[in-house]
Amino acid sequence: MVELSTTLAAVVTREILWNVPPWARALMYLLFLAAAAVCILGVVRRVRAWSRGRESGASVSAGKAWGRLWRDAILQARIWRSGMAGLGHALVFWGFIVLFIGTCIVAVEDYGSWLLDREHLFFTDTFYLAVSFALELFGVFFLIGLVLALSRRKSRGRFRPLSRGVDLGVLWLFLVIGLSGFVTEGLRIAAAGGGLESHPFERWSFVGWWLATGLQAVDESLLATLHLGCWVGHMALSMAFIALVPYCKLRHIFFAPVHIALREDRKAGRYAGVSLEEVEETGRYGVSTPADFTRRQLMSFDACTECARCQTVCPATATGKSLSPMKVVLDIARAGGADESLHGEEISPEVLWACTSCGACVEECPVYIDQLGAIVDLRRHLVAEGEIRGSAQAALRSVAATGNPWGMPREDRADWAVGLGVPTIEEVDSPEILFWVGCAGSYDRRSRKVTEAMVRILQAAGVRFAILGKSECCTGDPARRMGDEFTYTELAGANIQTLSAASFERVLTTCPHCFNTIRNEYPDLGGDYEVIHHSEFIEELLSSGRLELEDGGSVRGTLHDPCYLARQNDVVEAPRSALRSAGLEVVEPEQSGKDGFCCGAGGGRMWMEEDTGERINSERWRQLQETEPETVAVGCPFCMTMMTDARDAVESEVEVKDIAELVAERLPGSGS
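Residues numbered from 1 in each chain as written. Predicted model: local features only at pLDDT ≥ 70, side-chain atom pairs only at ≥ 80, totals over all residues. Heavy atoms only, no water.

1. Side note on the sheet that holds strand E8 (residues 655-658)
Strand order in the open sheet made by the 4 strands is E6-E5-E7-E8, with parallel pairing throughout. Since the sheet does not close on itself, it has two edges, and those belong to strand E6 (584-586) and E8, each with one partner. The sheet shows a mean angle of 40° between the axes of neighbouring strands, taken without regard to direction. Of the strand pairs in this sheet, strand E5 (residues 555-559) and E6 are connected by 3 bridges, and their pairing is parallel. Paired with Arg 556 across the two strands is Glu 585, which belongs to E6. The strands touched by helix H26 (residues 573-581) are E5, E6 and strand E7 (631-634); relative to E6, the strand with the most contacts, the crossing angle is about 140°. (Pairing = 2+ DSSP bridges. Helix = DSSP H or I, 4+ residues; strand = E, 2+ residues; numbered from the N terminus. Axes fitted to C-alpha atoms, helices over the stretch in contact; angles between N-to-C directions. Contact = heavy atoms within 4.5 Å.)

2. Brief notes about the pairing of E5
Relative to E7, E5 runs parallel, the two sharing 3 bridges. Bridge assignment links Gly 557 to a residue of E7, and that residue is Thr 631.

3. Thoughts on the environment of Gln 371
Assignment of secondary structure puts Gln 371 in helix H17 (residues 371-384). Gln 371 sits 12 residues away from Gly 359 along the chain, and the two C-alpha atoms are 8.5 Å apart. Ignoring sequence-local partners within four residues, the contact set of Gln 371 consists of Cys 310, Pro 325, Val 329, Cys 361, Val 362 and Cys 365.

4. Describing the confidence of the model for the protein chain
Residues at a pLDDT of 70 or more form 91% of the protein chain, whose mean pLDDT is 88. Here residues 1-14 scores under 50 on pLDDT; set against residues more than four positions off or in separate chains, the count is 23 contacts. (pLDDT = per-residue confidence, 0-100.)

5. A short note on the sheet that holds strand E1 (residues 433-436)
Spatially, 4 strands are ordered E2-E1-E3-E4 in an open sheet, and the strand pairing comes out parallel. For this open sheet the edge positions go to strand E2 (465-467) and strand E4 (531-533), each flanked by a neighbour on one side alone. When strand polarity is set aside, the average angle formed by the axes of neighbouring strands in this sheet is 30°. Pairing geometry for E1 and E2, over 3 bridges, is parallel. The partner of Phe 435 across the bridge, within E2, is Ile 467. Packing against the sheet, helix H23 (residues 512-521) makes contact with E1, strand E3 (506-509) and E4, and its axis sits at approximately 160° to E4. Contacts from helix H24 (residues 534-544) reach E1, E3 and E4 within the one sheet, and its direction differs from that of E4 by about 85°.

6. So, the packing of helix H3 (residues 62-74) against helix H9 (residues 252-262)
Relative placement of two packed helices is described by the angle separating their axes and the distance separating the axes. At a minimum axis separation of 7 Å, H3 and H9 run at an interaxial angle of 130°. Here H3 lies oblique to H9, going by the angle between them. Between H3 and H9 lies a crossing whose hand is right-handed. When H3 is examined against H9, the residues Ala 65, Arg 68, Leu 69, Asp 72 and Ala 73 are found in contact with a partner set consisting of Pro 257, Ile 260, Ala 261 and Leu 262. Looking at the contact of H3 with H9 residue by residue, the classes come out as 7 nonpolar, no polar and 2 charged. (Parallel < 35°, antiparallel > 145°, perpendicular 65-115°, else oblique. Left-handed = near helix turned anticlockwise from the far one by under 90°. Nonpolar A, V, L, I, M, F, W, Y, C, P; charged D, E, K, R; others polar.)

7. So, the pattern of salt bridges
Throughout the structure, instances matching the rule amount to 30 salt bridges. Asp 570 is paired through a salt bridge with Lys 594; the nearest N and O atoms lie 2.4 Å apart. Residue Asp 570 is found in the loop between helix H25 (563-569) and H26, and its partner Lys 594 is found in the loop between E6 and helix H27 (616-625); the two are separated by 24 residues along the sequence. With a relative accessible area of 48%, Asp 570 lands in the partly exposed category. Overall, the relative accessible area of 26% leaves Lys 594 in the partly exposed class. A salt bridge links Glu 655 to Lys 657; the nearest nitrogen and oxygen atoms lie 3.6 Å apart. The exposure class assigned to Glu 655 is partly exposed, which follows from its relative accessible area of 37%. We classify Lys 657 as buried; its relative accessible area is 15%. Linked through salt bridges whose partners overlap, the residues forming this network are Asp 377, Arg 380, Asp 477, Arg 480, Arg 481, Glu 485 and Glu 521. (Salt bridge = Lys/Arg side-chain N within 4 Å of Asp/Glu carboxyl O. Buried < 20%, exposed > 50% of the residue type's maximum accessible area, 1.4 Å probe, protein only.)

8. Notes on the environment of Ser 341
With respect to the helices and strands, the residue Ser 341 is situated in the loop between helix H14 (325-334) and helix H15 (349-353). Judged by relative accessible area, which is 42%, Ser 341 ranks as partly exposed. Those residues in contact with Ser 341, other than ones at most four positions away along the chain, are Ser 288 and Thr 289. Here the side chain of Ser 341 touches His 343 through a polar contact of 3.3 Å, landing on its backbone nitrogen. (Polar contact = N/O pair within 3.5 Å; in protein donor to acceptor, adjacent residues only side chain to side chain.)

9. A closer look at the state of the cysteines
In protein chemistry, a disulfide is the covalent bond that joins the sulfur atoms of two cysteines. For the coordinates displayed, the defined rule picks out 0 disulfides. Note on Cys 304: no disulfide assigned, nearest cysteine sulfur contributed by Cys 310 at a separation of 6.4 Å. Free cysteine: Cys 365, not disulfide-bonded; nearest cysteine sulfur from Cys 307 at 6.4 Å. Looking at Cys 365, the relative accessible area reads 6%, which means it is buried. (Disulfide = S-S within 2.5 Å.)

10. Re H26
Of the residues making up H26, those classed as buried are Ala 574, Pro 575, Arg 576, Ser 577, Ala 578 and Leu 579. In this fold, the buried residues of H26 make contact with H24, E5, H25, E6, E7 and helix H29 (659-664). Following H26 by one or two positions, Gly 583 adopts a phi angle in the positive range, close to 90°.

And the structure:
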């Protein structure tokens, strides 16, 4: 107790800024004011740039904003998903926050003590010891996080970050600031006079104490000179950091938490619409200049951490296309005036049309930037300007004219059902299931087999179902993803009118694109229905005992997860459960589930030529073949086409089958 009392008494008489003369303190406050002014000027300039944008959507409640801030900004929940990268960033973030708070405490103590003519405000006794230990501990965390960040830039992992000069410069600036802080502390403890035994309480500053033990042989006057020089250098670098924040990638320190808290609730599979009234009033369709984005969107682009995770998971980037989601975001953020066109050499039509709308960038972004939404907004302007050619333009015209991208006659839509005993909605009173067949399931020869397999499953399970027949038309998904919002609205309106006039319990579809559009986007236009994907319904039938399958030998296979099912709608386990019931031994590829790799057909790419870099479906096929499967299972007609084409290109004997086909093969009496 005597030793503790002596220690605490010594702490009370301790100076916060030992060996720092008045001129150096004055310099610190002057540099801080200058750095703060430069920083605030940069922030104000960015806020003014946001204010030029359109009005944002609905406001966010304070409770939801604080919850998001706590979960994703403070606890770094989304960043932790990337393993070592998440650990490194969390250590840097938490270390930075605690060191910043500690620096503020020191400043308040020093300035307040002088202003109020008191020796101490609160920096005494156990509080001093606790703060000293916390700063030491989190300072170590800060340095460890920086070392991890620097080492990752030499790794070959999936989420390898950028290694540009500015990125390395920022990390080295932080590292020098952190190290110089510890060195300054060690010099202070060693040079304070009386030897280390005269101030044992400094052991709580364990790194500084350890450094001080190695400096005992150095002359105290030299130590004091070195301490002052190191303190001034550390202080100047810290002020430079404050000034730089809004002018480089460090800006996300300010803007990312704000965007995380205030962002709109929108999944990658749901886009903001464009009304005809708005177009007539403003003369604007899509995005041409930064001012055409909403204020929240403009703020989100400034929140970019430049971590390149969106770029790393982008299938277009991975296969040599010119698209980089991160670069699109940064190009928008760096655009000059509000009237400056965004369309040009940097954000070219080639860049925008390369997007498959898979949503991997949105899912992976640690600060919730909607890169996909921005790309679709920019595509809308291209459509308005006629910057769409070839097969994609033909597909849009066919969708508008005939209700399907292939341009097939509406009267032939239900030809597949002839002789199968499939009733239409007019023939069944309030069926349990309205089977939404979709364009591919109705017209594409290969996808028709999937439709027929699904019908056999429904009939075997005794499900009361019906189809719309000739009344069904394209959901509008391809048109909306390509940027033709008006065609989408027209098709969606017609389908909603048809669906709302019918009586049924649930909508069933074998196409994740139809599933996503009806489930997530039709409600915005007044069409709110319960929608289920066929993999979910099959799993439901099996688990409830309504559907029974014959036993048979197992087959080694793998599942290619549709982006619009797994990633954008969180349907991951149901397809696997159904496949296991059908005797498929599911071997997971490296990228699967919500982290799956796109087939390359989404976003209208199904009807576009892929003439740059490697074909996306070929890359995905290569990944799937690493599991050495006998069968590749799919749950989407687009994926079926792309995987079959990739297989045929290499003359592989591996089968490509839909989940419904594999289940139907195990139905009693199927002969398989």
